[in-house]
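# Analysis of the macromolecular model
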Amino acid sequence: GQGPLMSMIPTGINIVTLSQTRLRRFRTMRTLPALIRYLRDSEPAWMLSALHANYVALMAKMVSGVKTRFMISEHNTFSKQIDTLPITMKAATALIARILYTKADAIVAVSEGVAKDLASYFKLSQKRIHVIYNPIVTEEMASLCMEPTDHSWLNGGNGPVLVSIGRLTAAK
């Protein structure tokens, strides 16, 4: 792994590097074969992806045949995002996204607006989409992080449960 925030990852968290390419074009898509291998070898209970990595994660789900459940997180209004694409890519992207997004076991949106847009665009029940707002870290939240927990996942549970795809860099 690399990136300026790597030093903040707690000891014991398994970082899996799927691609070392420096080529920007199709960089996320190039991780597909490695992700399929990882899923077949490790079979995590859940995998979380966000943004453009959602496509790769859901393709890996379809191809790998694992029992891993997939949660995708959307941070943008899809209908507006697709409007920015060249006309030659718009129809193909919409079709692929419609096929893939319906394969998700859970969908998270960062706002009610994003949730409504996803439901409308993909003709999904809004009950399938859960809104989890981006956090705002306050002093109270920082002190709550220090409180003890009594959940088995956090206190030596049965191993890894969540896989996330993303870069450990500042984005916005």
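Nothing here was measured: the structure is a model prediction, and the numbers come from that model.

Across its full length, the chain holds 6 helices and 5 strands. Along the chain, helices (α) and strands (β) appear in the sequence α-β-α-β-α-α-β-α-β-α-β when read from the amino end. The buried share among the 172 residues of the chain stands at 30%. Here the contacts in the chain between residues at least 6 apart in sequence split such that 58% fall between residues at least 24 apart. Of the roughly 11900 Å² of accessible surface on the chain, 59% is carried by carbon and sulfur atoms.

Within the structure shown, the criterion is met by 6 aromatic pairs. Taken together, a centroid distance of 4.7 Å and an interplanar angle of 20 degrees make the contact between Y101 and F122 stacked. One end of the pair, Y101, is in helix α4 (residues 87–101); the other, F122, is in helix α5 (residues 112–122), with 21 residues separating them in the sequence. Given the relative accessible area of 1%, Y101 is considered buried. An angle of 80 degrees between the planes, with centres 5.2 Å apart, marks the rings of Y121 and F122 as edge-to-face. The same class applies to Y121 and to F122, which are both buried. Just above the ring of Y121 sits the side chain of R98; from NZ or CZ to the centre is 4.4 Å.

Below, the discussion takes up the pairing of strand β1 (residues 46–50). Covered by surrounding structure in β1 are M47 and S49 only, the residues W46, L48 and A50 on the alternate face being uncovered. Judged from the 5 bridges that link them, β1 and strand β2 (residues 69–74) form a sheet pairing that is parallel. The residue of β2 that forms the bridge with W46 is R69. The handedness of the β1 to β2 crossover, carried by helix α2 (residues 53–64), is right-handed.

All right, on to α5 then. Of all the positions in α5, only V114, A115, D117, L118, A119, Y121 and F122 are classed as buried. Immediately downstream of α5, the backbone of K123 shows phi near 55 degrees, a positive value.

Moving on to the pattern of salt bridges. In total, this model carries 2 salt bridges according to the counting rule given. Here K90 ties to D83 by a salt bridge, and the two come within 4.0 Å at their closest N and O atoms. Taking relative accessible area as the criterion, K90 reaches 23% and is therefore assigned partly exposed.

Within the secondary structure, T68 sits in the loop between α2 and β2. Engagement of the side chain of T68 in a polar contact is seen with the backbone oxygen of P44, the distance being 2.6 Å. If near-sequence neighbours (up to four positions away) are discounted, T68 is found in contact with L39, E43, P44, A45, W46, M47 and D105.

The subject of this paragraph is the nonpolar core. Within the largest apolar cluster, 32 residues are counted, with the highest numbers of intra-cluster contacts made by F78, Y101, L118, F122 and I129. Within the residue set of this core, elements represented by two or more residues are α1 (32–42), α2, β2, α3 (78–83), α4, β3 (106–109) and α5. Once residues within four sequence positions are removed from consideration, Y101 is found in contact with L51, N54, Y55, L58, I72, E74, I107, L118, F122 and R128.

Attention now moves to α2. In this model α2 runs 16 Å from its N-terminal to its C-terminal C-alpha over 12 residues, within 8% of the 16 Å that 1.5 Å per residue would give. Extensive coverage of α2 is indicated by the burial of 10 of its 12 residues. Listed in full, the buried residues belonging to α2 are A53, N54, Y55, V56, A57, L58, M59, A60, K61 and S64. Its buried side turned inward, α2 meets α1, β1, β2, α3 and α4. Two residues or fewer past α2, G65 is found with a positive phi of approximately 75 degrees.

Rules used in this analysis
- Numbering of residues starts from 1 in each chain and follows the order in which that chain's sequence is written.
- Only residues with pLDDT of at least 70 are given local features in this predicted model, and only at 80 or more are side-chain atom pairs given and counted; all residues enter the totals for whole chains, interfaces and linings.
- Side-chain descriptors were evaluated using all non-hydrogen atoms of the structure, hydrogens and water having been removed beforehand.
- A helix here means a DSSP run of H or I that spans at least four residues, while a strand means a run of E at least two residues long, and both kinds are numbered starting from the N terminus.
- Buried residues are those whose accessible area, probed at 1.4 Å on protein chains only, stays under 20% of the maximum for their type, while exposed residues exceed 50% and partly exposed ones sit between those limits.
- Should any heavy atoms of two residues lie within 4.5 Å, those residues are considered in contact.
- Areas reported here follow the Shrake-Rupley algorithm with a probe of radius 1.4 Å; residue values treat only the protein chains shown as occluding.
- Pairing of aromatic rings covers Phe, Tyr and the six-membered ring of Trp, with a centre-to-centre limit of 6.5 Å; geometry is then stacked below 30 degrees between planes, edge-to-face above 60, and tilted otherwise.
- A ring has a charge above it when a Lys NZ or an Arg CZ is no more than 6 Å from the ring centre and no more than 35 degrees off the ring normal.
- At least two bridges found by DSSP between two strands are what make those strands a pair.
- Consider the strands pointing away from the viewer: the crossover is right-handed when the path from the first strand over the helix to the second runs clockwise.
- For this analysis, a salt bridge means a side-chain nitrogen from Lys or Arg found within 4 Å of a carboxyl oxygen belonging to Asp or Glu.
- In the analysis that follows, any N or O atom pair within 3.5 Å is treated as a polar contact, provided that within protein one partner can donate a hydrogen and the other can accept it, and provided that, for residues neighboring in sequence, both atoms belong to side chains.
- We define a nonpolar core as any set of buried Ala, Val, Leu, Ile, Met, Phe, Trp, Tyr and Cys residues linked to one another through side-chain atoms lying within 4.5 Å.
- Multiplying 1.5 Å by the residue count of a helix minus one yields the expected span of that helix.

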